[in-house]
Every structure is written in structure tokens, then in C-alpha cells.
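Next come the chains, spelled out residue by residue.
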Amino acid sequence: MKRRDIIKGLSILPLVGGSTGWAASLHDTSKPSPEGPKRDFFKELGVTPVINAGVTMTFLSGSLMLPEVLEAINSTSHDFANMYELQDKVGAKIAEMLHVEAAMVTSGAACAILLGTAAAITGTDHEKIKQLPNLPGPRAEVIMQKSHRYLFDQAVTTTGAKIIDVEGAEEMEKAINERTVMALYFNAAGKSSISHSDFVAVAKRHNIPTLLDAAADVPPVENLFKYQKIGFDLVTFSGGKMIRGPQSAGLLFGRKDLITAARLNHSPNEAPIGRPMKVNKEEMFGMYAALKAYLERDHKKEWEDWLQRTKRIGSQLESLQSVKIETVIDPGPANAFPSLKVTWDQTKIKIKPEEVLVALKNGTPSIVANGKDDHLTIGVVLLRPDQVDVVAGRVKSILQQAI
Ligand SMILES: *Cc1c(COP(=O)(O)O)cnc(C)c1O
């Protein structure tokens, strides 16, 4: 069966959250367009459309942009704009929305980490900006906790800076010297030897700027305000995760002098290290539209909708013998939302979770979910309303066939 036929068939079923929440306003592919069939680019290029029953993942194209974002992109694409002015205005508006001095749109959180580091190294010194990452003299140093080292810290070293690992506030204090330019905190590290407030306090005592990477750390929406209040000088969030802006956009916000310096290290300036990380005009408008829509959303209602989805899928699977379902909420700070955990007696339903995942992925439509040895995890927050029953039906039929 073709994807379109399945979706068409499903359009007569009641849809979870069909009349509420953000998902309802996503383009409904089951509705024929009045101008006749739309050009199908997936089909034209033979690209497999995927249902994401997991979490936001870069390799799976992040998240689906909100209708407000698409509107911003489409409606602004017919005129030119001066990019300096656009950055000024979008940045000022975002700063106002997030209660900080200044903000900018970057090409994702990884870019924000790089630009934040570059800003801390160069300030507004044009000579240094031109030379980065090949500054003469000893390398700049960025302090991180040992347990916070991660793949994305390459965005720090790309500037030529060196990372100094520390454990505990005392070691952090001792590590600070005249080469130290910044201290980076990975919010979702899981284990920290220094609390947020101690980290900020030590850095402030020595006048070292702090940057917090909270890329995937909404919901809850309050996190967009929490860390600047603690005293972090710069904070970054991805645009293309749960904020549902363009995948290649992100936010960097905080202290005005640092944002000014970060912008000097970025496009549309021609020479700096951030020039290859350009953000286009439509993404700037789109990021603004995404943040505005995210802040204005009814988050309680959205959460209820997610719980309803886990219940709806769960009740369909529970009808199979030995299947147990549980709504689990990730404690965060990344991906802190409900998912459905599914377990079964593998002597009665003779299939392993990993085999279910393969069958889901290789079927039509292709579905990506997660799982471990003894359970399957079905994510609900990235499903379009019409996909909730598709996912439930597919998982059920795969399990049923193994009885
Ligand atoms: C996703 C992520 C990034 C990278 O963000 P992009 O917006 O994709 O550049 C950085 N740090 C953490 C912790 C992330 O989860």
C-alpha cells in the first residue's frame, strides 16, 4: 500500500488532537488541494518520507516547522532586506521576548557555541576577528567540566581555543588564568561537579564570560528564561528542535557586548570565522516566528494532547496478550516530554524490540522509533495528528504477526 493511500484511508478516522494544539494546523496531506495534485518532491527525487516516533534528531531533519514559520518564510521571500538591519531588528525583538539585553539568530546551537567562543576571544577587535583561528601567541582557553565534554565542544576548538577540563568549583577557580576566555556549561550533561550557580559565581569573580548550551532543553518553556536569571552571560537553544523553527537556525542570547562581538564574527561580514555559517533572511524571520509561536502556545493543552496520544496508542496495543504499556516522562533537561513504553512477554510474542524497530523502519510508511533489549519506546510529540493511529496500527500488526 502506498503512503498516500494509507493516509487517505485514515482521514476518515477521528484524529487525536485533531481540533486542538499546534499539530492540528499542520498541512493535512489527506486533503486534495483545490488546484489539483501538488508536486511531490519526495516522490520526484525518490526520498522516503519518514514518520518520527522518536525525538528530534538532526539526521532525521530535526522537527517539522510550524505553519507560522512557513508563513514567515514564504511571505518574506519576495523582497530584499539589509541583513544588518534584519539582524538588529530580529535580535532586538527576540531579546525583548526572552528578557535579555541582546540576541541573535545563528545557524543552530553548534554555531552559537562557536560564535560565543569567538566573541569571547576577539571582542570587537577587527584584527583578531580577521585572524581567527590563527591568532598569534598562546591559545585561548575555555573551561569545561570533565563530565561535560561532548561531541559539540569541537565548536569551541574550531576557533583555535583549547579546552581545559576541571572537576569541582575549586579546580575551576585554580584553572582560570590570563588565557582563559570563557567557561562552557553543557546543561543536559547529566552529571555535574559544579552547580549552575557555583559555576556562574566562580566565573563572575574572575570576570570570565559563561555560555550555557541548552540546545534541546525545551519543554518546559520556562527554560528559555531560567538560565539568564541564574547569571549565564550567553545561552543557546536550537531552533530546529522543539521550538520548531528552521532546522538550520538557532538562538544565542544574553550580554549585549558579547552578542555584538559574536555578530562581528558572523555573516554578513565577509572575512570572519562564522561567515560559512550564514543564516538567510527567511530563516531569521522564521526563527522569530517560531519563538513567538512557541512562547504563545498553550503548553498545558499541548502536554495533555501528548498524554492523550500515548493513551490512544497504548490502548490499541494493550489488546494484544502480554503487552504492557506505560507512559514515561523523560526527566530531561533534554527531551523532557511523555513517550510510550511498550513491553511484552517475548515467549508469547516472539519478536525482539530491535526487530520491531527494523520492521517499522523498512515498512511503508517508514517509521523511526526507539527501544532497548526489553522494550520499545514510541515517541508521540513529533507525530502529525493523522500519524498517531498509523503508528499504533503498524506496531500492533508487527506484534500480532509474531504471536
Ligand atoms: C542538538 C544539540 C546541539 C546542536 O544544535 P544544532 O542546533 O543542531 O546546531 C548542541 N548541543 C546539544 C546539547 C544538542 O542537543
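## What about the packing of helix α4 (residues 83-98) against helix α12 (residues 281-296)?
- Running from N to C, α4 and α12 point in directions that differ by 10°, and their axes come no closer than 10 Å. Comparing their axes, α12 and α4 come out roughly parallel. Here Met 83, Leu 86, Gln 87, Val 90, Lys 93, Ile 94, Met 97 and Leu 98 of α4 lie close against α12, whose contacting residues are Lys 281, Met 284, Phe 285, Tyr 288, Leu 291, Lys 292 and Leu 295.
- Taken together, the residues of the contact of α4 with α12 sort by class into 11 nonpolar, one polar and three charged.

## Regarding unusual backbone geometry
- The peptide bond linking Ser 267 to Pro 268 adopts the cis configuration, its omega dihedral lying at 10°.
- Here Pro 268 is to be found in the loop between α11 (256-264) and α12.
- The backbone of Ser 61 sits at a positive phi, close to 70°, despite the residue not being glycine.
- Here Ser 61 shows up in the loop between β1 (50-52) and α3 (67-75).
- We classify Ser 61 as partly exposed; its relative accessible area is 45%.
- Even without glycine at this site, His 99 takes up a positive phi of about 60°.
- Examined against the element boundaries, His 99 turns out to sit in the loop between α4 and β2 (102-106).

## Considerations on the packing of helix α13 (residues 299-317) against helix α15 (residues 388-400)
- Contact geometry for α13 and α15: axes closest at 9 Å, N-to-C directions at 25°. Of the possible angle classes, the one that applies to α13 and α15 is roughly parallel. Here the hand of the crossing between α13 and α15 comes out right-handed. Only Val 388, Asp 389, Ala 392, Gly 393, Val 395 and Lys 396 of α15 make contact with α13, whose side of the interface consists of Arg 309, Arg 312, Ile 313, Gln 316 and Leu 317.
- Its residues assigned to classes, the contact of α13 with α15 shows five nonpolar, two polar and four charged.

## So, the domain arrangement of the protein chain
- What the domain assignment lists for the protein chain is domain 1 (3-65 + 299-401) and domain 2 (68-296).
- Here domain 1 and domain 2 have C-alpha centroids that lie 33 Å from each other.
- Taken together, the 20 residues of domain 1 in the interface contact 18 residues of domain 2.
- A buried area of about 1600 Å², summed over both sides, lies between domain 1 and domain 2, and 62% of it is on carbon and sulfur atoms.
- Across the contact surface, domain 1 and domain 2 share zero salt bridges.

## Topic: the site of the ligand
- With respect to spatial proximity, the complete set of residues near the ligand consists of Thr 58, Gly 108, Ala 109, Ala 110, Phe 152, Phe 186, Asp 213, Ala 215, Ala 216, Ser 238 and Lys 241.
- Take Ser 238: an N or O atom from its side chain is 2.7 Å from an oxygen atom of the ligand.
- In this structure, Lys 241 approaches the ligand through a side-chain N or O atom, which is 2.9 Å from an oxygen atom.
- Protein coverage of the free-state accessible area of the ligand, which is 390 Å², stands at 83%.
- Of the residues that constitute the shell around the ligand, the class distribution is six nonpolar, three polar and two charged.

## Here we look at a nonpolar patch on the surface
- A surface patch of nonpolar side chains, about 310 Å² in accessible area, is lined by Phe 42, Leu 45 and Val 47.
- By the secondary structure assignment, Val 47 is in the loop between α2 (41-45) and β1.

## Side note on the packing of aromatic side chains
- Throughout the structure, instances matching the rule amount to eight aromatic pairs.
- Summarising the aromatic geometry, the rings of Tyr 150 and Phe 186 are spaced 4.2 Å apart at their centres and angled 20° between planes, so their arrangement reads as stacked. Of this pair, Tyr 150 sits in the loop between β3 (141-145) and α7 (154-157) while Phe 186 is found in strand β5 (residues 180-186), placing the two residues 36 residues apart along the sequence. As far as the burial class goes, Tyr 150 and Phe 186 line up, both buried.
- Measuring from ring centre to ring centre gives 6.1 Å for Trp 306 and Phe 337, while their planes differ by 65°; the resulting arrangement is edge-to-face.

## Let's talk about the environment of Ala 161
- Within the secondary structure, Ala 161 sits in the loop between α7 and β4 (162-166).
- Taking the C-alpha atoms as reference points, Ala 161 and His 99, 62 residues apart in sequence, are found 30 Å from one another.
- When sequence neighbours within four positions are dropped, the list of residues in contact with Ala 161 reads Thr 117, Ile 121, Arg 139, Ala 140, Val 142 and Val 156.

## So, the sheet that holds strand β7 (residues 234-238)
- Ordered in space as β2-β8-β7-β6-β5-β3-β4, the seven strands form an open sheet in which the pairing is mixed. With one partner strand each, in any of the chains shown, β2 and β4 form the two edges of the open sheet. Along the sheet, successive strands turn relative to each other by an average axial angle of 25°, direction set aside.
- Of the strand pairs in this sheet, strand β6 (residues 210-213) and β7 are connected by three bridges, and their pairing is parallel.

## With respect to α15
- Taking 1.5 Å per residue as the helical rise, α15 with its 13 residues ought to reach 18 Å, and the 18 Å between its terminal C-alpha atoms agrees with that figure.
- Buried residues of α15: Val 388, Asp 389, Val 390, Val 391, Ala 392, Arg 394, Val 395, Ile 398 and Leu 399, and no others.

## Overview of the nonpolar core
- Judged by nonpolar contacts, the single largest core of 79 residues is most densely connected at Leu 224 and Ile 378.
- Once residues lying within four places of it in the same chain are set aside, the contact partners of Leu 224 are Leu 98, Val 218, Phe 237, Ile 243, Phe 253, Leu 291, Tyr 294 and Leu 295.
- By size, the runner-up hydrophobic cluster in this structure holds 33 residues, among which are Met 182, Leu 258, Ala 262 and Ile 273.

What counts and what doesn't
Residues numbered from 1 in each chain as written. Predicted model: local features only at pLDDT ≥ 70, side-chain atom pairs only at ≥ 80, totals over all residues. Heavy atoms only, no water. Axes fitted to C-alpha atoms, helices over the stretch in contact; angles between N-to-C directions. Helix = DSSP H or I, 4+ residues; strand = E, 2+ residues; numbered from the N terminus. Parallel < 35°, antiparallel > 145°, perpendicular 65-115°, else oblique. Contact = heavy atoms within 4.5 Å. Nonpolar A, V, L, I, M, F, W, Y, C, P; charged D, E, K, R; others polar. Buried < 20%, exposed > 50% of the residue type's maximum accessible area, 1.4 Å probe, protein only. Left-handed = near helix turned anticlockwise from the far one by under 90°. Domains from an automatic or database assignment. Buried area = accessible area lost by both parts, 1.4 Å probe. Salt bridge = Lys/Arg side-chain N within 4 Å of Asp/Glu carboxyl O. Near = heavy atom within 4 Å. Polar contact = N/O pair within 3.5 Å; in protein donor to acceptor, adjacent residues only side chain to side chain. Areas by Shrake-Rupley, 256 points an atom, 1.4 Å probe, with all protein chains shown as cover. Patch = residues over 30% accessible without salt bridge, like charges linked within 9 Å, V, L, I, M, F, W, Y side chains within 5 Å. Phe/Tyr/Trp six-rings, centres within 6.5 Å; stacked < 30°, edge-to-face > 60°. Pairing = 2+ DSSP bridges. Expected span 1.5 Å × (residues − 1). Core = buried A, V, L, I, M, F, W, Y, C linked by side-chain atoms within 4.5 Å.

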